Amino acid sequence: MSDLFKEVLSMSLSGSLLVLLILLLKPILKERFSKAWQYYIWIIVLIRLILPYSPEFGIIDSLFQPAAVQSSSEVGTDTQENYIHTEDSSMQSIAENSAENSAENSTDNTALPAVSPKGYMEALDGFQIGAYLWLAGMAILFFLRLIRYLRFLAFMKNTSEPAADKRTVQIYKSAALELGITRVPQLKLNSQIASPMLLGLIKPTVYLTDITLDWDDTSLYYVLRHELMHYKRHDIWYKWCCGLVSGIHWFNPVILIMNRQISKQCEISCDEAVARDLSREEKLLYGNVLLNAISENRKKNSPMLSLTLSEDKKSMKERIKSIIMSNRKSKKIKILSAIVAAALCIAAFWLGAYTMDGGENTVLAADGQNTGSSASSNSKSTAGSRGDTKQDTKAVSASENSSGKNAAVQSGKGSSAAENVTSGNTNQVSASEGTAKSPKAKAAATEKNPISEATTPNKKSTNTNNKKSPKPVAPKNTGASAKSTLTYSNKDYGFNFTLPSDWKGYTIVKDTWEGTSLSGKQSGKVTQKGTELLLRNPKWTKKNPYQDIPIMIFTKKQWKLIEKEELAVSAAPIGPSKLGSNSKYVFALPARYNFAFPAGYEEVEKIMKSNPLKPTESFK
């Protein structure tokens, strides 16, 4: 049981390292590689998390294997260190009692293997407890997930009915035919769910909401094509595999991060697959359909609303951007993506995992090394004079390479020890060698100290010079601030807005926002209106529009309605972002202001990151 848990731990560690590696590469590869590659690359991690295989040179396997013999190694090291200390304190007593010391050494060497099983069993006890805790947690988690899934299946079965609308069925079959799907899944309607979905492993079914029946043919086609794309790519099986792996490694928070990334990339890559061959106008239409579908779901007071509307502003923006920017990648990018995938496979193989047979083999190998060392000591004892000669040679070479009187004294001690050592005391050879070599290390250390001491005064003098004349340092900080800025002051609502100097000649366009009520008798109707100011770049023309900076202005009362989700001012599933407020007004940025990604949208994003809006109390 403990070996099984060690395997799971080692695989979890290998998989975590791969997850962190992919997350580090993500900023570099995000805009270059296809979203499908970023989705399926996680399969390598999933395989690493469930495959208990490791090559002989596996890194993770080597981390787990030495744990069984660590106690034995430490005891052997302590014994040798104590023995060397004894030899340094009295070299003459060693020569006189060499026979007695030889007997003690042989006794120590024999006792070493006896210590190893004790430390090994203590380690096993810890892994045994961990194994039971892991099994208990995994069993509870799988049980709860199974109960939840079965309940959801029963709920869907009792609240769904086959789609009978001829128009919907015809569009559904047409979309399946275009995708090359021969075995078309069932199509059902459900008035209780918040959004269209694909459900079922053995008998997959596409479920539509009752709201989708009122959509036009184009909008309905794109929604059905999106769900059928999930079916064609077998995304349900992929997600089930992720769920099983995360259940096995439930204790690892890195695996939870991986699951979120896979779920996110699943939708983004599906959007990319749907929109890849569409024109720009069709891509914009598909993006609007997606936003409108989520907006309709937001108006439904469904108990599952919080489960389905999990898109935040950042992820929704990324999905829309992937739709607009989707295209077929060049051959160079495809080759490069294959190389990176191969490198990740090699990394997964190189990391390895703990193998059950490894622990026993390591203990036996350690015992064999101890036996072999004692045997080699006995064989060396038959060549006493040879060993003495080698000691003399090593001691003399140590004294030649060392500097100072200490090196010469230690060399003399090594020589006298070599002359008086009787055959068979091989441990004394390593002791005299260690004693002779130690002055060399001391000499190297003393050579480094003068350098550091000589360097310290220079550093102090440098700091002193900086304190006396700080002016020369100032130009380093003037790189970013050297650019002049413009300030737009609004006295009607009370705020200042800082713009770069190249926006000189900007204009202000006044627009109006409309708010739709999400609750009460007036739900779905426009009940609120307000001012929206557009700061327009001088490069803007009708033929080539440039990204505006929109500022929505709300009263305190209107903003409270938005915070309570009782008022919607856009089709996006999230509200506007607050920029600031004074005692009367709240200023915000629309949720989808740069949806179409016109020229200059990146510059506007940089401007907004610098918090350019500063509220004031100077208003009418």
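Residues numbered from 1 in each chain as written. Predicted model: local features only at pLDDT ≥ 70, side-chain atom pairs only at ≥ 80, totals over all residues. Heavy atoms only, no water.

A look at the overall build of the protein chain
Across its full length, the protein chain holds 22 helices and 13 strands. The burial tally for the protein chain puts 41% of its 620 residues in the buried class. Within the protein chain, residue pairs in contact and separated by at least 24 positions form 74% of the contacts whose partners lie at least 6 positions apart. (Helix = DSSP H or I, 4+ residues; strand = E, 2+ residues; numbered from the N terminus. Buried < 20%, exposed > 50% of the residue type's maximum accessible area, 1.4 Å probe, protein only. Contact = heavy atoms within 4.5 Å.)

Describing a positive patch on the surface
The grouping of Lys556, Lys560, Lys564 and Lys578 at the surface amounts to a positive patch. Tracing the sequence through the fold places Lys578 in strand β11 (residues 577-581). (Patch = residues over 30% accessible without salt bridge, like charges linked within 9 Å, V, L, I, M, F, W, Y side chains within 5 Å. Areas by Shrake-Rupley, 256 points an atom, 1.4 Å probe, with all protein chains shown as cover. Salt bridge = Lys/Arg side-chain N within 4 Å of Asp/Glu carboxyl O. Lys, Arg positive; Asp, Glu negative; His and termini not counted. Charge placed at Lys NZ, Arg CZ, Asp CG, Glu CD.)

What about the confidence of the model for the protein chain?
Put simply, the protein chain has an average pLDDT of 73, and 65% of its residues get 70 or more. When mean pLDDT is taken per element in the protein chain, strand β13 (residues 613-615) scores highest with 95 and helix α13 (residues 305-308) scores lowest with 35. Contacts for the low-pLDDT stretch residues 358-482, under 50 throughout, to residues beyond four places or in other chains number 75 contacts. (pLDDT = per-residue confidence, 0-100.)

Here's the deal with the pairing of strand β4 (residues 205-208)
Burial of β4 is two-sided: the residues Thr205 and Tyr207 facing one way and the residues Val206 and Leu208 facing the other way are all buried. Sheet topology places strand β2 (residues 186-190) next to β4; four bridges connect them, and they run parallel. When the bridges of β4 are listed, Gln186 appears paired with Thr205. Note that strand β3 (residues 197-199) and β4 share three bridges and pair antiparallel. Directly across from Met197, in β4, lies its bridge partner Tyr207. (Pairing = 2+ DSSP bridges.)

A closer look at the pairing of strand β7 (residues 507-517)
As defined by bridge partners, β7 adjoins strand β8 (residues 526-536) across ten bridges and the pair is classed as antiparallel. Opposite Trp513, over in β8, you have Gly530 as the bridge partner. Two elements, β7 and strand β10 (residues 567-568), share two bridges in a ladder whose sense is antiparallel. Each bridged residue has a counterpart across the sheet, and for Thr516 the counterpart in β10 is Ala568.

Description of the nonpolar core
Core analysis: the largest hydrophobic core is formed by 37 residues, its most contacted members being Leu187, Leu208, Leu224, Leu228 and Ile320. When residues of this core are traced back to their parent elements, those giving at least two are α8 (166-178), β2, β4, α9 (217-232), α11 (253-275), α12 (280-299) and α14 (313-325). In this structure, Leu187 is in contact with Pro162, Ala163, Thr168, Tyr172, Val206, Leu208 and Leu224, ignoring residues within four places of it in sequence. Core analysis: the second largest hydrophobic core is formed by 30 residues, Ile44, Val245, Ile255 and Ala348 among them. (Core = buried A, V, L, I, M, F, W, Y, C linked by side-chain atoms within 4.5 Å.)

Describing unusual backbone geometry
Phi at His234 takes a positive value of approximately 60°, unusual for a residue other than glycine. Topologically, His234 is positioned in the loop between α9 and α10 (235-248). A positive phi angle, close to 60°, is found at Glu565, a residue other than glycine. Tracing the chain through its elements places Glu565 in the loop between α21 (556-563) and β10.

Description of the sheet that holds β10
Taken in spatial order, the six strands line up as β10-β7-β8-β9-β12-β11 in an open sheet, and their pairing is antiparallel. At either end of the open sheet lies a strand with only one pairing partner, and these are β10 and β11. Contacting β7, β8, β9 (549-555), β10, β11 and β12 (585-589), α21 crosses the sheet at an angle of about 100° to β9. (Axes fitted to C-alpha atoms, helices over the stretch in contact; angles between N-to-C directions.)

Focus on the pattern of salt bridges
Pairing is possible between side chains that carry opposite charge, provided their charged atoms lie close to one another. Throughout the structure, instances matching the rule amount to five salt bridges. For the salt bridge of Arg276 with Glu272, the shortest nitrogen-to-oxygen distance reads 3.9 Å. The residue Asp548 makes a salt bridge to Arg536 at a minimum N-O spacing of 2.9 Å. Of this pair, Asp548 sits in the loop between β8 and β9 while Arg536 sits in strand β8; the two residues are twelve residues apart in sequence, bridging distant segments of the chain. Residue class for Asp548 comes out buried when judged on its relative accessible area of 12%.

Focus: α11
Spacing of three or four residues puts side chains on the same side of an α-helix, whose turn is 3.6 residues. Taking 1.5 Å of rise per residue, the 23 residues of α11 would be expected to cover 33 Å, and the 34 Å separating its terminal C-alpha atoms lies within 8% of that figure. The buried fraction of α11 is high, at 17 of 23 residues. One side-chain oxygen at the N-terminal end of α11 lies 3.0 Å from the backbone nitrogen of Val254; it belongs to Asn252. (Expected span 1.5 Å × (residues − 1). Polar contact = N/O pair within 3.5 Å; in protein donor to acceptor, adjacent residues only side chain to side chain.)

A word on the side chain of Lys35
Of note, Lys35 is situated in helix α2 (residues 35-40). At 3.3 Å, the side chain of Lys35 forms a polar contact with the backbone oxygen of Lys30.

A word on the sheet that holds strand β1 (residues 160-162)
Strand order in the open sheet formed by four strands is β1-β2-β4-β3, and the pairing between neighbours is mixed. The open sheet has two free edges, formed respectively by β1 and β3, since each of these has just one partner strand. Averaged over all adjacent pairs, the angle separating strand axes in this sheet is 35°, with direction ignored.

Notes on the packing of helix α1 (residues 2-29) against helix α3 (residues 42-50)
Helix-helix packing: each pair is described by the crossing angle between the helix axes and the interaxial distance. Running from N to C, α1 and α3 cross one another at 165°; their axes reach a closest spacing of 7 Å. The angle between the axes of α1 and α3 places the two elements in the roughly antiparallel class. As α1 packs across α3, the resulting crossing turns out to be right-handed. Of the residues in α3, those in contact with Met11, Ser12, Ser14, Gly15, Leu18, Val19, Ile22 and Leu23 of α1 are Trp42, Val45, Arg48, Leu49 and Ile50. (Parallel < 35°, antiparallel > 145°, perpendicular 65-115°, else oblique. Left-handed = near helix turned anticlockwise from the far one by under 90°.)

Side note on a nonpolar patch on the surface
On the surface, Tyr40, Ile43, Ile47, Ile50, Leu51, Tyr53, Phe57, Phe349 and Trp350 cluster together into a nonpolar patch covering about 880 Å² of accessible area. Looking at the nonpolar patch, the elements with two or more residues in it are α3 and α15 (331-351). Among the elements that take part in the nonpolar patch, α3 stands out by supplying three residues, more than any other. Along the chain, the position of Phe57 falls in the loop between α3 and α4 (59-64). The class of Phe57 is exposed, set by a relative accessible area of 51%.

Details of the packing of aromatic side chains
On inspection of all chains with the given rule, the structure shows 17 aromatic pairs. Summarising the aromatic geometry, the rings of Trp250 and Phe251 are spaced 6.0 Å apart at their centres and angled 85° between planes, so their arrangement reads as edge-to-face. What makes Trp250 partly exposed here is its relative accessible area of 34%. Aromatic pair Tyr493 and Tyr585: ring centres 5.1 Å apart, planes at 85°, arrangement edge-to-face. (Phe/Tyr/Trp six-rings, centres within 6.5 Å; stacked < 30°, edge-to-face > 60°.)

Some thoughts on α15
In a regular helix each residue adds 1.5 Å, so 21 residues correspond to 30 Å; α15 covers 30 Å between its end C-alpha atoms and thus fits that length. For α15, the full list of buried residues reads Ser337, Val340, Ala341, Leu344, Ala347, Ala348 and Leu351. The arc enclosing the buried residues of α15, seen along the axis, measures out at 115°, which places them on a common side. α15 presents Lys331, Lys332, Ile335, Ile339 and Ile346 as exposed residues on the side facing more than 90 degrees away from its buried surface. Contacts made by the buried residues of α15 are with α1, α2, α3 and α4. Positioned one or two residues after α15, Gly352 has a phi angle of 70°, which is positive. (Arc of directions from axis to C-beta.)

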